[in-house]
Amino acid sequence: MSADTPVALRDLAIDVAREAGELARRRRREGVRLAATKSSLADIVTEADREVEALIRHRLSEERPRDGFLGEESDASAGDSGITWVVDPIDGTVNYAAGIPAYNVSIAAVRGGTDPATWEHLAGAVFAPALDEMFSASVGEGAWLDGVRVEVSPQNEAGALLATGFGYDPTTHDGDIASVRRVMPIARDLRRMGAAALDLAYVAAGRLDGYFERGLKPWDFAAGALLVREAGGVVSRSDIDTPRPLLVAGAAALHDAILARIVQS
Ligand code: LIP
């Protein structure tokens, strides 16, 4: 059983994310089959999502049987170690099903239960199999991309390169597009990659300057939020008592500017 230290938890997350990502990539090459739809016809789950989460769950319970588990595709289980694994087996599922390589395996270890408001982020790994890139972090030890330390980007005079996302419910799109309209005056351009953990990993690595999205699930941001914070950035969640909390991430000044433009108007 691995130690409870953040570094040991990070290293376990890296190992399991890489193994799970290789499985996801193999299944993608073999052909992806839709298993079901969830909140809407657009909210899909593939057989690979379920198989990859089962592998992750098995490997983590083998190594740390007393930990809790909160995953996108299976029932939550409370542990008694005080540590919970928060897992998105394939983040960017629609991309994955369409053959777009912007997908990842996101694994985070938190101290606390299934409520993100109680979490102390300990460690996380975001692995992008198609690009063979491993982003990782452990609290107090910085954020890393394939063994190289990364940091959020400084203010850019040309404007911020931002990313956002839209939910699967078409009735929410007008409001999200209104938020985009309010933020664009401080942006150089906008990306919509369809994988929240990758958006957050790219903010941590300075590839994106900032990111904002409403309605993310805990497994979408659990690992990526730690990456951004350990890379010197700020991640906030507001409107958490609404059905679609707002997550904003970036260097402190840009984070504040994005949040002010979305919330104040
Ligand atoms: C996705 C997020 C993305 C968001 C999608 C969806 P999934 O997660 O990564 O940022 O815009 O609506 O929530 O469903 O691919 O795990």
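Residues numbered from 1 in each chain as written. Predicted model: local features only at pLDDT ≥ 70, side-chain atom pairs only at ≥ 80, totals over all residues. Heavy atoms only, no water.

1. Some words on the site of the ligand
Then step 1. For the ligand, the set of nearby residues contains 16 residues, the closest of which are D91, G92, R192, A196 and E213.
Then step 2. Measuring from an oxygen atom of the ligand, one finds a side-chain N or O atom of D88 at 2.9 Å.
Then step 3. D220 is positioned such that a nitrogen or oxygen atom in its side chain is 3.3 Å from an oxygen atom of the ligand.
Then step 4. Burial of the ligand by the protein amounts to 94% of the accessible area it has alone, namely 380 Å².
Then step 5. Those elements that provide at least two residues to the shell around the ligand are β4 (83–91) and β12 (210–214).
Then step 6. Among the residues making up the shell around the ligand, the classes are represented as 6 nonpolar, 4 polar and 6 charged.
Then step 7. Counting residues domain by domain, the shell around the ligand receives three or more from each of domain 1 (6–150) and domain 2 (160–263). (Near = heavy atom within 4 Å. Polar contact = N/O pair within 3.5 Å; in protein donor to acceptor, adjacent residues only side chain to side chain. Areas by Shrake-Rupley, 256 points an atom, 1.4 Å probe, with all protein chains shown as cover. Helix = DSSP H or I, 4+ residues; strand = E, 2+ residues; numbered from the N terminus. Nonpolar A, V, L, I, M, F, W, Y, C, P; charged D, E, K, R; others polar. Domains from an automatic or database assignment.)

2. Some details on the side chain of H121
Then step 1. Looking at where H121 falls in the secondary structure, it is placed in strand β6 (residues 120–128).
Then step 2. In terms of polar contacts, H121 uses its side chain to reach the backbone carbonyl oxygen of A222, at 3.2 Å.

3. Overview of the packing of aromatic side chains
Then step 1. Under the criterion given, the structure shown has 3 aromatic pairs.
Then step 2. Aromatic side chains W119 and F221 sit 6.2 Å apart centroid to centroid with 45° between the ring planes, which places their arrangement in the tilted category. Here W119 is found in the loop between β5 (104–111) and β6, whereas its partner F221 is found in helix α6 (residues 218–230), with 102 residues between them in sequence.
Then step 3. In this structure, R207 packs its charged tip against the face of Y202, placed 4.8 Å from the ring centre. (Phe/Tyr/Trp six-rings, centres within 6.5 Å; stacked < 30°, edge-to-face > 60°. Lys NZ or Arg CZ within 6 Å of the ring centre and 35° of its normal.)

4. Some points on the sheet that holds strand β13 (residues 234–238)
Then step 1. What the 5 strands build is an open sheet, ordered β11-β10-β12-β14-β13; its pairing is mixed. Looking at the sheet topology across the chains shown, the edges are occupied by β11 (187–191) and β13. With direction set aside, neighbouring strand axes in the sheet form an average angle of 20°.
Then step 2. Here 4 bridges tie strand β10 (residues 160–164) to β11, and the two strands are oriented parallel to one another. Directly across from L162, in β11, lies its bridge partner L190.
Then step 3. Against the sheet, helix α5 (residues 196–204) touches β10, β12 and β14 (246–250), its axis set at about 155° to β12. (Pairing = 2+ DSSP bridges. Axes fitted to C-alpha atoms, helices over the stretch in contact; angles between N-to-C directions. Contact = heavy atoms within 4.5 Å.)

5. So, unusual backbone geometry
Then step 1. Non-glycine residue D146 carries a positive phi angle of around 50°.
Then step 2. Here D146 is to be found in the loop between β8 (143–145) and β9 (148–150).
Then step 3. Among the residues examined, D146 registers a relative accessible area of 43% and is labelled partly exposed.
Then step 4. Of note in the backbone geometry, D239 takes a positive phi value of approximately 55° without being a glycine.
Then step 5. With respect to the helices, strands and loops of the structure, D239 is situated in the loop between β13 and β14.
Then step 6. Owing to a relative accessible area of 32%, D239 belongs among the partly exposed residues under this scheme. (Buried < 20%, exposed > 50% of the residue type's maximum accessible area, 1.4 Å probe, protein only.)

Distances and angles like these do not, on their own, reveal function.
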